[in-house]
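# Topology and contacts: notes
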Amino acid sequence: VVGIMHTNYLEYARREAHGEMTEAVLKELNKLMCHLHCHKVIKLSGAVQDLPRQVTMFVHGVSPTFLAVGDSIHASQEALAGAGGASPGGEPGKFRKGAYYIGKVLWAKGYTELLDKVECYKTSSISWLSLSQDEIAPLTNLDVYGGGEDLEAVKTCAAERRLPLSFHGPMDHAHPSMHEYKLFVNPSLSDVVATTTAEALAMGKFVVVAEHPSNQFFSTFGNCRVYCTAEEFTRCMDEALKSEPAPLTAEERHRLTWEAATERLLDVADVEPAKHNGLCEARDKLTFGTWNALTGLGPIRSKVF
């Protein structure tokens, strides 16, 4: 059995009431479950806790729909270049919109970090306080798409802090209205790997993400901008908003496909024959039997699950 760990449960646990205690218990429970049921565990990124028999590899891909959007934009860019930079009818080519974020509206899904970073950007001496009257800040508004139980609280907090955020409700990331955005911002630190970031890269956009294990795969792409500090976040935003993303290289495009993800999965999924160890085998059988016996009891099963 090869298990794939998709979710950073510890990050969510520590944000809840009694977070430290819940996190500690959950950490050990995760280890126990993986030890009992998996011959190997694949972590999508290093953001996941250490687990028995682990290996780290991003084994996800994106829908061909998103790659097709990127291909179309690339073709449009080449056509515009051949026409001297002017699209038919005098319309602006390629990306007509600025920055956006998309994701379920829960504080734990990156909204705390989003509001904090946008506030830092707003008050930055680089982008706001140093502007003359004739200048306009590169980021005048950031569109937010998503719904969730914390939506009203997030909107209220953004309004109180007078942040340049516009909330538009849930939206399919592949919807045509999303194609024209140039820059996807994802400051979340709770993801294992954000599929929305992969989708944005596939559509040919810039992405701005934090220096974090969950973003290691994306950081190798030419259109990814990585920051560690609030000042670096501001510089990344300004650079992206003032320039145009480069088309994906053939190698980058392939790495985002499910074909490449399957290749990576097959590379790491082989399970080496276990070395015979009578003591370890006896311990594992005892642990597995005890767990099955306990969880077979209704009252205990209801508490655990």
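Scoring rules and cut-offs
- Residues numbered from 1 in each chain as written.
- Predicted model: local features only at pLDDT ≥ 70, side-chain atom pairs only at ≥ 80, totals over all residues.
- Heavy atoms only, no water.
- Pairing = 2+ DSSP bridges.
- Helix = DSSP H or I, 4+ residues; strand = E, 2+ residues; numbered from the N terminus.
- Axes fitted to C-alpha atoms, helices over the stretch in contact; angles between N-to-C directions.
- Buried < 20%, exposed > 50% of the residue type's maximum accessible area, 1.4 Å probe, protein only.
- Arc of directions from axis to C-beta.
- Contact = heavy atoms within 4.5 Å.
- Salt bridge = Lys/Arg side-chain N within 4 Å of Asp/Glu carboxyl O.
- Phe/Tyr/Trp six-rings, centres within 6.5 Å; stacked < 30°, edge-to-face > 60°.
- pLDDT = per-residue confidence, 0-100.
- Core = buried A, V, L, I, M, F, W, Y, C linked by side-chain atoms within 4.5 Å.

### Considerations on the sheet that holds strand β4 (residues 97–102)
With parallel pairing, the 6 strands of this open sheet are ordered in space as β6-β5-β4-β7-β8-β9. The open sheet is flanked by β6 (165–167) and β9 (224–227), the only strands paired with a single partner. Between one strand and the next, the sheet's axes are offset by a mean angle of 25°, whatever the strand orientation. Note that strand β5 (residues 142–145) and β6 share 3 bridges and pair parallel. Note that in β6 the partner of L142 across the bridge is L165.

### So, helix α6 (residues 151–160)
An α-helix turns once every 3.6 residues. As a result, residues three or four positions apart point the same way. Where α6 is concerned, the buried positions are L151, V154, C157 and A158. Each buried residue of α6 lies within a common arc of 135° when the element is viewed along its axis, so the set occupies one face. Structural note: α6 exposes E152, A159 and E160 on the side pointing more than 90 degrees away from its buried face. Each element contacted by the buried residues of α6 is listed here: α4 (111–122) and β6. After α6 finishes, the residue R162 shows a positive phi value of roughly 55°.

### So, the pairing of β4
Bridge count for β4 against strand β7 (residues 181–186) is 3 bridges, and the pairing is parallel. Bridge pairing links K97 to Y181 in β7. With 4 bridges connecting them, β4 and β5 associate as parallel partners. Residue Y100 lies in a different strand from β5, and its bridge partner there is D143.

### Focus: the pattern of salt bridges
Tallying each qualifying case throughout the model produces 13 salt bridges. One salt bridge in this structure joins R14 and E11, with 2.3 Å as the shortest N-O distance. Taken as a pair, R14 and E11 lie in helix α1 (residues 9–14) at a separation of 3 residues, close to a single helical turn. Across the pair D71 and R253 runs a salt bridge, and its minimum N-O distance is 2.7 Å.

### Details of the packing of aromatic side chains
Tallied over the entire structure, the rule returns 10 aromatic pairs. For the ring pair F58 and F217, a centre distance of 4.5 Å and an interplane angle of 45° mean the geometry is tilted. Taken together, the residues F58 in the loop between β3 (54–56) and α3 (64–82) and F217 in the loop between β8 (206–210) and β9 connect sequence positions 159 residues apart. The interplanar angle of 75° and the centroid separation of 5.8 Å between the aromatic rings of F217 and F218 together place this pair among those described as edge-to-face.

### Some remarks on the sheet that holds strand β2 (residues 40–43)
With parallel pairing, the 3 strands of this open sheet are ordered in space as β1-β2-β3. Single-partner strands in this sheet number two, and they are β1 (2–5) and β3. Averaged over all pairs of adjacent strands, the angle between their axes in this sheet comes to 25°, without regard to strand direction. Pairing analysis gives 4 bridges linking β1 to β2, with the strands arranged parallel. Counterpart to G3 in the pairing with β2 is V41.

### Points about the confidence of the model for the protein chain
With 86% of its residues at a pLDDT of at least 70, the protein chain reaches an overall mean of 86. Every residue in residues 88–93 is under pLDDT 50, and counting partners more than four places away or in other chains gives 4 contacts. Every residue in residues 128–136 scores below 50 in pLDDT, and together they form 10 contacts with partners more than four places removed in sequence or on other chains.

### Here's the deal with the nonpolar core
Counting residues in each nonpolar core, the largest one holds 66 residues, and the members touching the most others are Y100, L142, L165, L183, V185, M237 and L256. Beyond its immediate chain neighbours, meaning those up to four positions away, L165 contacts L115, V118, N141, L142, V144 and A158.

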